[in-house]
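# Per-entry structural report
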Amino acid sequence: ATSSPTFASTTLSNFTAGSIPFFGTGGALSQNNSELFWDSANNRVGIGTTGPGTKLEVDGDIRITANGAGQFQLYASGSGNDAVMIYSTYDSGQITGVNWWTGVDDSDNANFKIGNSNAVFDTTFLAINRTSGNVGIGTTSPGQLLSVAGNAHVNSNLSVAGSSMFGNATTTGLTVTGGASFNS
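Right, let's walk through the structure included here. (Residues numbered from 1 in each chain as written. Predicted model: local features only at pLDDT ≥ 70, side-chain atom pairs only at ≥ 80, totals over all residues. Heavy atoms only, no water.)

## Some remarks on the side chain of threonine 49
Filter applied, for reference: The helix count covers DSSP runs of H or I at least four residues long, the strand count covers runs of E at least two residues long, and both are numbered beginning at the N terminus. Under the rule applied, a polar contact is a pair of N or O atoms within 3.5 Å (in protein, one hydrogen donor and one hydrogen acceptor; residues adjacent in sequence only if both atoms are side-chain atoms). By definition in these notes, contact holds between two residues if any of their heavy atoms fall within 4.5 Å.
Note on placement: threonine 49 falls in the loop between strand E6 (44–47) and strand E7 (56–58). One polar contact links the side chain of threonine 49 to the main-chain amide nitrogen of glycine 51, over a distance of 3.1 Å. Residues within four places of threonine 49 in sequence aside, it is in contact with Asn33, Ser34, Phe37, Glu57 and Asp59.

What follows is the structure in structure tokens.
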């Protein structure tokens, strides 16, 4: 009969199927399937889960840094179903610049948003309504296919086809320099 190898009083046959052994506290050979798991039947790795549904499944946030200089983070909200990617400058464990983020805001009809601030969804620059497809610049609730809250500058041609509305525009409120085309 062959016996299982023993390392510092730990026998390999004592490990649970799917364990990815590692050296833990004091150099002891350890396992923690709820934190690191191998699904050999499906060739999948789980981090934070014992039931990975894809080649790599992580239950929790993911942070990727490049030599401590930049940061890319995948973030899943603990209070809702938000899904966010965060981009920021990062140095020695500290965020040193402004965060840019893109994500789905579960608290706002799962609309897609882009913004920058240290608090996700705090300052939104662009929003896309998931049901209408309307795009908002400077607004999170676009009422038209394209809604701009604030001033807009067009450096080249602007063509308006169909009915045009200019609110309370007067000859002094609408300035046209160069050519303008309004087609019905």
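## Re the pairing of strand E13 (residues 111–116)
Selection criterion: DSSP calls a pair of strands paired once it identifies at least 2 bridges connecting them.
In the sheet, strand E12 (residues 100–105) pairs with E13 via 6 bridges, with the strands oriented antiparallel. Within E13, the position partnered with tryptophan 101 by the bridge is glycine 115. Remark: 5 residues form the turn of the hairpin made by E12 and E13, two consecutive strands paired antiparallel; asparagine 109 in that turn has positive phi of roughly 60°. Of the strand pairs in this sheet, E13 and strand E14 (residues 124–128) are connected by 4 bridges, and their pairing is antiparallel. Each residue of the ladder has a partner; that of phenylalanine 112, found in E14, is isoleucine 128.

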